[in-house]
2 protein chains.
Amino acid sequence: MSAGVARIFVPAHVTGFFSVHDSTDPLAAGSRGAGLTLTDGATVRVERAERFSLAVGGQPAEIAPVERVMRAFDVTPRIDVETDVPIGAGFGLSGAISLGAAIGLNRVYGRERSENELVRIAHAAEVQSGTGLGDVVAQHRGGVPIRLEPGAPGEGTLDGIPETATIEYISFGELSTADILSGDTGAIDRAGASALDAIRARPTLAEFVRVSRRFSRESGLETPEIRTVIDDVEAHGGQAAMAMLGQTVFALGSGLSDSGYDAARCEIASGSIHID
Amino acid sequence: MSAGVARIFVPAHVTGFFSVHDSTDPLAAGSRGAGLTLTDGATVRVERAERFSLAVGGQPAEIAPVERVMRAFDVTPRIDVETDVPIGAGFGLSGAISLGAAIGLNRVYGRERSENELVRIAHAAEVQSGTGLGDVVAQHRGGVPIRLEPGAPGEGTLDGIPETATIEYISFGELSTADILSGDTGAIDRAGASALDAIRARPTLAEFVRVSRRFSRESGLETPEIRTVIDDVEAHGGQAAMAMLGQTVFALGSGLSDSGYDAARCEIASGSIHID
């Protein structure tokens, strides 16, 4: 069964902490860690076309993993993306668009793949492009995913924090995921492993933000600008941490606006279950 | 962190076909099969109380797996459930209430369990009560779950059909899950295994309804009343099947109303990803 046009919403995913797990098999490679999926995200519109085109917010865009997904299907679609969140700022947008594209191409071209197969295609495209390691599996799960074991469905395993909250965020620009992941990740991996132990022992949102803040310091990824904002939120009695990997701070509840920042606001994305 | 009151929505789950997998370990026991999660479901309100009470639609109710969940937490909550769907008619309502109760009790009593732990508690309560084998894990996943391997998180594995649709349903009454599961399930298990092979080869909604219809005949579970309704829908060019286990017919799109039936209507529940 094929459809003329498919439209897929995929939530943004803000990673709080992670550790890198390499493998020659892109389905087995990935990351451990935890993050938040958000009601802000990407809406990916896919239709058949004579020539491939990809636009984000109406502007032509080049996103390597999306091109890999397209080549996996051997098609030339038109893909138009609308998004609430900035590119390259730690929202897992390349993963969201890659996953939305995989699901949309499956529908539009009537390919009859299972959902796990589509997640695997998008995850492998991200890993091979160096643009992400854990966003796709987290975005597919929804809620507050804990990535216990790295990799795509069939390889990795997930748990979650059974809570929800309003989330505020503010972005000051990009960090290159590919540059950081291709460097020495020793400090990141040690801090990430320690944070995962802590969140497994106490899987709550408050603990998630607390250990994420500690991770951003211990990993050396926290920039002076980010540090100032997080310290401000904490001084006002709030909880905030840095989005990995971007110049972005996220806070529980009204933590950023309470400190005088002009922050965007959304909710944690539900999976099938809605928690009030 | 504990809250005064928690309110959890859990989708209904209509199983199309299944096979039974016994185990002395309730976490490993369960079923293979596939079904639909729905935007209709149960909203479970949990608060602390001096004495345990459970009401569905304002009426006192006894639901064995919910009492098991409560005993797992060793608490005496007040639980009030509102639901769109009938009890005992193949919508997985005992599973939905058990899962909602587990998540709600965790919040209200500040127990800090992970989401997988809560799913395991609700799954085990259903298995031990004989009220369900696969609803809880399906409801936790959302979308159109395929239960590849039986059991709770850590034991079972799931895939899904990456499509959505409007669903109509009509119910004529109850079937006892416990009575059927405690009898000889040989015909059910053979028909269920064959249906799972078919859906793995072609994971689409149209194939799901087609093999579910075949399952209800081959398993011997299809009643004359159900048969008449499904035949009517098919005669009008639609697709319908029987909800396992209840005197309920579900149809894709407007299949039931097109055939003159006064059917309820809802959508397939999204996981985190919304497919238009």
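Conventions adopted
Residues numbered from 1 in each chain as written. Chains lettered and ligands numbered in written order. Predicted model: local features only at pLDDT ≥ 70, side-chain atom pairs only at ≥ 80, totals over all residues. Heavy atoms only, no water. Salt bridge = Lys/Arg side-chain N within 4 Å of Asp/Glu carboxyl O. Buried < 20%, exposed > 50% of the residue type's maximum accessible area, 1.4 Å probe, protein only. Helix = DSSP H or I, 4+ residues; strand = E, 2+ residues; numbered from the N terminus. Expected span 1.5 Å × (residues − 1). Arc of directions from axis to C-beta. Contact = heavy atoms within 4.5 Å. Buried area = accessible area lost by both parts, 1.4 Å probe. Polar contact = N/O pair within 3.5 Å; in protein donor to acceptor, adjacent residues only side chain to side chain. Nonpolar A, V, L, I, M, F, W, Y, C, P; charged D, E, K, R; others polar. Pairing = 2+ DSSP bridges. Axes fitted to C-alpha atoms, helices over the stretch in contact; angles between N-to-C directions. Least-squares fit on C-alpha atoms with pLDDT ≥ 70 in both. Phe/Tyr/Trp six-rings, centres within 6.5 Å; stacked < 30°, edge-to-face > 60°. Lys NZ or Arg CZ within 6 Å of the ring centre and 35° of its normal. Parallel < 35°, antiparallel > 145°, perpendicular 65-115°, else oblique. Left-handed = near helix turned anticlockwise from the far one by under 90°.

Asks: Can you tell me about the pattern of salt bridges, naming the residues and giving the values?
Replies: All names here are of chain A. For the coordinates displayed, the defined rule picks out 26 salt bridges over all chains. Measuring nitrogen to oxygen at the nearest pair gives 2.8 Å for the salt bridge that ties Glu47 to Arg45. Residue Asp80 is joined to Arg78 by a salt bridge in which the shortest nitrogen-to-oxygen separation is 2.7 Å. Note on Arg78: relative accessible area 39%, which makes it partly exposed. One network of salt bridges, with partners in common, ties together Arg213, Glu222, Arg227, Asp231 and Glu234.

Asks: Break down helix H8 (residues 224-235) of chain B for me, with residues and values.
Replies: Residue and element names in this part refer to chain B. The terminal C-alpha atoms of H8, which comprises 12 residues, lie 16 Å apart, in line with the 16 Å expected from a rise of 1.5 Å per residue. Listed as buried for H8 are Ile226, Val229, Ile230 and Val233. Viewed end-on, H8 has its buried residues packed into an arc of 95°, placing them on one side of the element. Across from the buried face of H8, at angles greater than 90 degrees, the exposed residues are Pro224 and Ala235. In this fold, the buried residues of H8 make contact with strand S8 (166-174), helix H7 (205-218), strand S9 (240-242) and strand S10 (246-252). Gly237, located one to two residues past H8, shows a positive phi value of around 85°.

Asks: So what about the interface of chain A and chain B? Which residues, and what values?
Replies: With 37 residues of chain A at the interface, the matching set in chain B holds 37 residues. Here chain A packs against chain B, burying approximately 3200 Å² in sum over the two surfaces, 51% of which is carbon and sulfur. Here A:Arg202 ties to B:Glu112 by a salt bridge, and the two come within 2.9 Å at their closest N and O atoms. Along the contact surface separating chain A from chain B lie 14 residue pairs in polar contact (both at pLDDT 80 or more). Residue assignment for the side of chain A that touches chain B shows that the elements contributing at least two residues are strand S1 (5-21), helix H2 (93-108), helix H3 (115-129), helix H4 (135-141), strand S7 (157-160) and strand S12 (274-275) of chain A. For the side of chain A that touches chain B, the element with the most residues is S1(A), which contributes 5 residues. Of the residues belonging to the side of chain A that touches chain B, the class tally is 14 nonpolar, 13 polar and 10 charged.

Asks: Tell me about the sheet that holds strand S11 (residues 264-267) of chain A, and name the residues and values.
Replies: Residues and elements named next belong to chain A. Ordered by their spatial adjacency, 4 strands build an open sheet running S9-S10-S8-S11, and the pairing between neighbours is antiparallel. Each of the sheet's edge strands pairs with one partner strand only, and the pair in question is strand S9 (240-242) and S11. The mean inter-strand angle of the sheet, taken between neighbouring strand axes irrespective of direction, is 25°. Pairing of strand S8 (residues 166-174) with S11 involves 4 bridges; the strand directions are antiparallel.

Asks: Would you mind going over the relation of the copies chain A and chain B in detail, with residue names and values included?
Replies: Between the two copies of the chain lies a relationship made up of a rotation around an axis and a movement along it. Note on the identical chains: chain A maps onto chain B by a rotation of 180° and an axial translation of 0.0 Å, with an RMSD of 0.0 Å. Those values place the two copies in the arrangement expected of a two-fold rotation axis. Of the C-alpha atoms belonging to chain A, the one lying closest to the rotation axis is found on A:Gly271, 2.2 Å away. The residues that chain A uses at the interface reappear at the interface of chain B in 100% of cases, marking a shared surface.

Asks: Any chance you could break down the sheet that holds strand S11 (residues 264-267) of chain B for me, citing the residues and the numbers?
Replies: Residue and element names in this part refer to chain B. The sheet built from 4 strands is open, its strands ordered S9-S10-S8-S11 with antiparallel pairing. The sheet is open, and its two edges are formed by S9 and S11, each paired on a single side. Between one strand and the next, the sheet's axes are offset by a mean angle of 25°, whatever the strand orientation. Sitting on the sheet, H7 is in contact with S9 and S10, with an inclination near 45° to S9. Its contacts with the sheet place H8 against S8, S9 and S10, and it is angled at close to 165° to S9.

Asks: Could you give me a rundown of the packing of aromatic side chains, with the residues and numbers involved?
Replies: Residues and elements named next belong to chain A. For the structure shown, the criterion picks out 10 aromatic pairs over all chains. Consider the rings of Phe17 and Phe215, whose centres lie 6.4 Å apart with planes at 55°: the pair is tilted. Separated by 198 residues along the polypeptide, Phe17 in strand S1 and Phe215 in helix H7 (residues 205-218) bring together distant segments of the chain. Note on Phe215: relative accessible area 1%, which makes it buried. By way of ring pairs, the aromatic residues Phe17, Phe18, Phe208, Phe215 and Phe250 are connected into one cluster. Positioned over the ring face of Phe73 is Arg113, at 5.3 Å from the centre of the ring.

Asks: Pulling in residues and values, what's your account of the packing of helix H1 (residues 64-73) of chain A against H2(A)?
Replies: All names here are of chain A. Relative orientation of the contacting elements H1 and H2 amounts to 20°, with a least axis distance of 9 Å. Taken together, the axis directions place H1 and H2 in an arrangement best described as roughly parallel. For the pair H1 and H2, the crossing hand works out as right-handed. Between H1 and H2, the contacting residues are Pro65, Val66, Val69, Met70 and Phe73 on the first element and Ser94, Ile97, Ser98, Ala101, Ala102, Leu105 and Asn106 on the second.

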